[in-house]
Amino acid sequence: MADALIEARDVGRTYLQGGSPVAAVRSATFRLQEGDRVALIGRSGSGKTTLLHLMAGLDRPSSGAIRWPALGGADTLLPAKIALVFQVPSLLDPLTVAENVALPLILSGAGGDVRQAVLHALATFALEELADKLPEELSGGQVQRVAMARAIVGRPSLILADEPTGQLDRATGRALLDALLGHLAGSATALVLATHDPAVAERMAATWQLRDGVLATGSPP
Ligand SMILES: Nc1ncnc2c1ncn2[C@@H]1O[C@H](COP(=O)(O)OP(=O)(O)OP(=O)(O)O)[C@@H](O)[C@H]1O
Ligand SMILES: [Mg+2]
């Protein structure tokens, strides 16, 4: 079996709020493999965003251990090996849509035809006509689609998407998911997608649930 993308054991993350500890993630033990498609569900405040940031190596656990056997050290993951779609809008305001989508390729110094890769990523989410627009000219839903295009452009090993359909109506959310899952069909790229929407979770092969920071993956670690 190929090395796991992520192996986590008893991972916890405690924040300090006004000097008092808040345990956002208490116990997360899991293994993520190539090609996995996971919905991460749980109530608001249950720790989904915190866990995704730990998976991306963007944040470090307060306890337990997390490793990326197939990918390397925590500092080497973003943006080429792991793409993270933030819950909050994260496009750079002075850059056009096409320039925002090109960013992971430029930051990771990827070779190849950047323009072609950007056009392909934009087309995947039907965004070609917005290529030269600035983020301030976009709707909230369009911003989310551009962020998805930016996540796929570098063909990462893992995409972590934090409520990517949260701002979209049902039909638009379904279209975004169709485009993403169609693009990933048959590919080794793994996907972990945080969502509150059962219709979105149903489209994924596995559902992992966070309850007050405790992760249930539904399978033995
Ligand atoms: N930077 C931070 N500093 C202090 N506390 C934080 C911070 N980020 C999150 N928390 C706390 O950690 C807990 C988990 O937050 P998190 O954002 O991971 O939840 P979530 O499941 O993503 O929620 P939502 O569905 O609303 O996005 C919450 O109690 C939150 O208040
Ligand atoms: Mg969140």
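Residues numbered from 1 in each chain as written. Chains lettered and ligands numbered in written order. Predicted model: local features only at pLDDT ≥ 70, side-chain atom pairs only at ≥ 80, totals over all residues. Heavy atoms only, no water.

K.L.:
Explain the overall build of the protein chain residue by residue, including any values.
P.N.:
Check the secondary structure of the protein chain and you find six helices and nine strands. Against the 2.2 N^0.38 benchmark of 17 Å for 221 residues, the protein chain shows a C-alpha radius of gyration of 17 Å, consistent with a compact globule. Counting the 221 residues in the protein chain, one finds 47% classified as buried. With an accessible surface of roughly 10,700 Å², the protein chain has 50% of that area assigned to carbon and sulfur atoms. Charge separation in the protein chain, taken as the distance between the mean sites of 19 positive and 22 negative side-chain charges, equals 6 Å. (Helix = DSSP H or I, 4+ residues; strand = E, 2+ residues; numbered from the N terminus. Rg over C-alpha atoms; globule rule 2.2 N^0.38 Å. Buried < 20%, exposed > 50% of the residue type's maximum accessible area, 1.4 Å probe, protein only. Areas by Shrake-Rupley, 256 points an atom, 1.4 Å probe, with all protein chains shown as cover. Lys, Arg positive; Asp, Glu negative; His and termini not counted. Charge placed at Lys NZ, Arg CZ, Asp CG, Glu CD.)

K.L.:
I'd like a rundown of the packing of helix H2 (residues 97-107) against helix H3 (residues 114-124), residues and numbers included.
P.N.:
The relative placement of two packed helices comes down to the angle between their axes together with the axis-to-axis distance. It is at 9 Å that the axes of H2 and H3 come closest, and there the two elements cross at 115°. At the point where H2 passes H3, the crossing takes the right-handed sense. Of H3, the residues touching H2 (which contributes Val97, Ala98, Val101, Ala102 and Leu105) are Val114, Ala117, Val118, Ala121 and Leu122. Residue composition of the contact of H2 with H3, by class: ten nonpolar, no polar and no charged. (Axes fitted to C-alpha atoms, helices over the stretch in contact; angles between N-to-C directions. Left-handed = near helix turned anticlockwise from the far one by under 90°. Contact = heavy atoms within 4.5 Å. Nonpolar A, V, L, I, M, F, W, Y, C, P; charged D, E, K, R; others polar.)

K.L.:
Before we move on, could you go through a nonpolar patch on the surface and cite the residues and values that matter?
P.N.:
Residues Leu58, Leu78, Phe86 and Val88 make up a contiguous nonpolar surface patch of about 320 Å² in total accessible area. Structurally, the position occupied by Leu78 is in the loop between strand S4 (63-67) and strand S5 (82-85). (Patch = residues over 30% accessible without salt bridge, like charges linked within 9 Å, V, L, I, M, F, W, Y side chains within 5 Å. Salt bridge = Lys/Arg side-chain N within 4 Å of Asp/Glu carboxyl O.)

K.L.:
Any details on the coordination of the magnesium ion (ligand 2)? Residues and values, ideally.
P.N.:
For the magnesium ion (ligand 2), the full set of protein donor atoms is Thr49 (OG1) and Gln87 (OE1), and the range of their distances to it is 2.0 to 2.1 Å. Here the residue Thr49 occupies a position in helix H1 (residues 48-55), and Gln87 occupies one in the loop between S5 and H2, the gap between them amounting to 38 residues. (Donors = N, O, S within 2.8 Å, 3.2 Å for Na, K, Ca; no water.)

K.L.:
Before we move on, can you summarise the site of ligand 1 with the specific residues and values?
P.N.:
Contacts to ligand 1 come from 15 residues, most closely from Gln17, Ser44, Gly45, Lys48 and Thr50. At 3.2 Å from an oxygen atom of ligand 1 is found a side-chain nitrogen or oxygen belonging to Glu163. Protein contacts shield 66% of the accessible area of ligand 1, which totals 640 Å² for the unbound molecule. Only strand S1 (6-17), strand S2 (20-32) and H1 provide two or more residues apiece to the shell around ligand 1. (Near = heavy atom within 4 Å. Polar contact = N/O pair within 3.5 Å; in protein donor to acceptor, adjacent residues only side chain to side chain.)

K.L.:
Can you tell me about the side chain of Ser46, naming the residues and giving the values?
P.N.:
Of note, Ser46 is situated in the loop between strand S3 (37-41) and H1. The contacts of Ser46, once residues within four sequence positions are left out, are Ala24, Leu210, Asp212 and Gly213.

K.L.:
Lay out H1 in plain terms, naming residues and giving numbers.
P.N.:
Within H1, seven of the eight residues are buried, which leaves it mostly tucked inside the rest of the structure. Turning to H1, its buried residues are Lys48, Thr50, Leu51, Leu52, His53, Leu54 and Met55. Two residues or fewer past H1, Gly57 is found with a positive phi of approximately 75°.

K.L.:
For the pattern of salt bridges, give the residues involved together with the corresponding values.
P.N.:
Applying the stated criterion across every chain, the model contains six salt bridges. Measuring nitrogen to oxygen at the nearest pair gives 2.7 Å for the salt bridge that ties Glu7 to Arg67. Remark: Arg67 occurs in strand S4 and Glu7 occurs in strand S1; sequence separation between them is 60 residues. On the basis of relative accessible area, Glu7 is assigned to the partly exposed category, the value being 23%.

K.L.:
Describe in detail unusual backbone geometry, supporting the description with residues and values.
P.N.:
With an omega dihedral of -5°, the bond running from Leu78 to Pro79 counts as a cis peptide bond. For Glu163, which is not a glycine, the phi torsion comes out positive at approximately 50°. Examined against the element boundaries, Glu163 turns out to sit in the loop between strand S6 (158-162) and helix H5 (170-184). Its relative accessible area of 14% is what places Glu163 among the buried residues. Although it is not a glycine, Asp212 sits at a positive phi angle of roughly 45°. Along the chain, the position of Asp212 falls in the loop between strand S8 (206-211) and strand S9 (214-216).

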